[in-house]
Amino acid sequence: AGHLSVAWRSRSYPRVDEADARPCRPDFVLMIYPWESVTEPPVSAGPDAASALNVTSRNPPTFLTQTEDDAAHVENSLYFYLALKKAGAAPSELHVYPEGGHGYGRCTKPTVPKGLAVCSWPHRAARFLQTLGVLPLL
């Protein structure tokens, strides 16, 4: 999904109908434990895979969350966020948590330990969407 967050600049299929005349740019992006998004170590994704290399000032507001113990490397989120800032992209949020690994989803699975701080991310994401006007304020 990280690659899709920057792939909106060009359509990957021929125009079919009037809907295809509309812009592909999303109004926002939620990147939850992104993978292979940056070229920096320890991630070291190749240039063809590293979505952070395609960040521009036109990137939409982005919400990133990841844990320090994620085997996919927290640096994906850290460096992607820095790429957004360096490019002058829309205001974005970065949330890093000490533990939770990879694959905790919305923390509704019985295999996810109760009480992990990372399990607050869905509420933080909802607040992010509220500030963008995507969700109503409660």
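Residues numbered from 1 in each chain as written. Predicted model: local features only at pLDDT ≥ 70, side-chain atom pairs only at ≥ 80, totals over all residues. Heavy atoms only, no water.

Participant: Please clarify how the state of the cysteines should be interpreted in this entry.
Facilitator: One way to say it: the disulfide is the covalent bond shared by the sulfur atoms of two cysteines. A complete count under the given rule lists one disulfide for this structure. Between the sulfur atoms of C107 and its disulfide mate C119 the distance is 2.2 Å. The sign of the S-S torsion, about -90°, decides the handedness of the disulfide formed by C107 and C119: left-handed. A residue pair is termed long-range when its members are at least 10 positions apart, and C107 in the loop between β3 (93-97) and α2 (121-131) and C119 in the loop between β3 and α2 qualify at twelve residues. (Disulfide = S-S within 2.5 Å. Helix = DSSP H or I, 4+ residues; strand = E, 2+ residues; numbered from the N terminus.)

Participant: Is there a simple way to think about unusual backbone geometry in this case?
Facilitator: A negative phi angle characterises most non-glycine residues, just as the trans form characterises most peptide bonds. In this chain, P41 is followed by P42 through a cis amide linkage whose omega measures 5°. Residue position: P42 is located in the loop between β1 (29-32) and β2 (62-67). Backbone geometry at Y33 places phi at a positive 40°, although glycine is not the residue there. Tracing the backbone through its elements, the reader meets Y33 in the loop between β1 and β2. The exposure class assigned to Y33 is buried, which follows from its relative accessible area of 19%. Residue E36 is not a glycine yet carries a positive backbone phi of 50°. (Buried < 20%, exposed > 50% of the residue type's maximum accessible area, 1.4 Å probe, protein only.)

Participant: When you look at the nonpolar core in this model, what are you seeing that I'm missing?
Facilitator: Buried together is how nonpolar side chains tend to be arranged in soluble globular proteins. Core analysis: the largest hydrophobic core is formed by 15 residues, its most contacted members being M31, A45, A52, V55, L64, F80 and L84. Those elements that provide at least two residues to this core are β1 and α1 (75-87). Take this core: its biggest share by element is three residues, from α1. With 13 residues, the next largest nonpolar core counts F63, W121, A125 and F128 among its residues. (Core = buried A, V, L, I, M, F, W, Y, C linked by side-chain atoms within 4.5 Å.)

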